[in-house]
Amino acid sequence: MKKKELLLLTLLLNFTFSISQTKTEIDSLLNRITKTENSKEIIDNVDAKRVIAYGERSLMILANFFVDTTLTKVKSECNDGYLTKGEIAIILADRIERMPYFTVTRIQNCTLTFCKNNPNLIEYYFSSNNFLNNKVFQNRYIEWLYSKDRLKEVKGKARRERKKLLKEWKATFQ
């Protein structure tokens with residue numbers, strides 16, 4: 001029995017350490033991405049590609065950065081201003097897995113207009129009273145990450161892996 005407990009404790013510590021290491025790595029990459037001049041270039045940035053390569057595992061870590069209002073030098077032609085570190089994290093999370101915009105923003109885009117020639121579709125919503133840099137958006141996003149609708153989108157092995165990831169997130173982040 002003690003061997004099982006020791007093994008479980010070791011696995012839990014390794015997982016916790018890897019999450020904190022990944023969070024530090026993503027924070028460092030986000031800081032380097034903030035040196036990008038134009039928001040349209042974010043997804044082509046080498047550091048952004050590294051964050052995106054983490055895939056679904058990084059979504060909860062990125063969500064923790066959504067409320068970071070540190071102003072960057074990344075120009076948003078779409079909103080005629082500069083992005084925050086949190087907005088960059090939102091863009092990356094949206095690139096990893098497309099967000100249901102109405103669910104997380106509560107803003108309906110009936111005309112389907114977005115920023116012209118901008119690959120960051122979520123950036124269109126940043127102009128709405130700076131709505132996306134707050135705890136409410138972050139909470140809605142996390143609620144969506146755990147939603148049954150999102151889980152139903154995948155089947156078979158991918159579904160089992162997503163369930164496992166959700167359990168890991170609950171153990172680590174809540």
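About the criteria used
- Residues numbered from 1 in each chain as written.
- Predicted model: local features only at pLDDT ≥ 70, side-chain atom pairs only at ≥ 80, totals over all residues.
- Heavy atoms only, no water.
- Axes fitted to C-alpha atoms, helices over the stretch in contact; angles between N-to-C directions.
- Helix = DSSP H or I, 4+ residues; strand = E, 2+ residues; numbered from the N terminus.
- Parallel < 35°, antiparallel > 145°, perpendicular 65-115°, else oblique.
- Left-handed = near helix turned anticlockwise from the far one by under 90°.
- Contact = heavy atoms within 4.5 Å.
- Nonpolar A, V, L, I, M, F, W, Y, C, P; charged D, E, K, R; others polar.
- Pairing = 2+ DSSP bridges.
- Phe/Tyr/Trp six-rings, centres within 6.5 Å; stacked < 30°, edge-to-face > 60°.
- Buried < 20%, exposed > 50% of the residue type's maximum accessible area, 1.4 Å probe, protein only.
- Lys NZ or Arg CZ within 6 Å of the ring centre and 35° of its normal.

### Overview of the packing of helix α2 (residues 46-53) against helix α4 (residues 85-96)
Part 1 of the reasoning: Where α2 contacts α4, the axes come no closer than 9 Å and their chain directions differ by 55°. Between α2 and α4, the angle falls in the class oblique. Classified by chirality, the crossing of α4 by α2 is right-handed. Residue-level inspection shows A48, V51 and I52 of α2 in contact with α4, the latter providing L92, R95 and I96.
Part 2 of the reasoning: When grouped by side-chain class, the residues that make up the contact of α2 with α4 number five nonpolar, no polar and one charged.

### Section: the pairing of strand β1 (residues 71-76)
Part 1 of the reasoning: Pairing geometry for β1 and strand β2 (residues 81-84), over three bridges, is antiparallel. Counted as the bridge partner of S76 is G81 from β2.

### Here's the deal with the packing of aromatic side chains
Part 1 of the reasoning: Per the stated rule, a full pass over the model turns up five aromatic pairs.
Part 2 of the reasoning: Between Y146 and W169, the ring centres sit 6.3 Å apart and the planes meet at 85°, which makes this aromatic pair edge-to-face. With Y146 in the loop between α6 (135-145) and α7 (148-152) and W169 in helix α8 (residues 156-173), this pair connects stretches of sequence that are 23 residues apart.
Part 3 of the reasoning: With relative accessibility at 1%, the residue W169 sits in the buried group.
Part 4 of the reasoning: Feature note: the residues F66, F137, Y141 and W144 constitute an aromatic cluster, connected by ring pairs.
Part 5 of the reasoning: If you follow K75 out to its NZ or CZ, it ends over the ring of Y82, 5.5 Å from the centre.
Part 6 of the reasoning: A cation sits over an aromatic face here: R150 above W144, 5.4 Å from the ring centre.

By themselves, these observations are geometric and do not establish any function.
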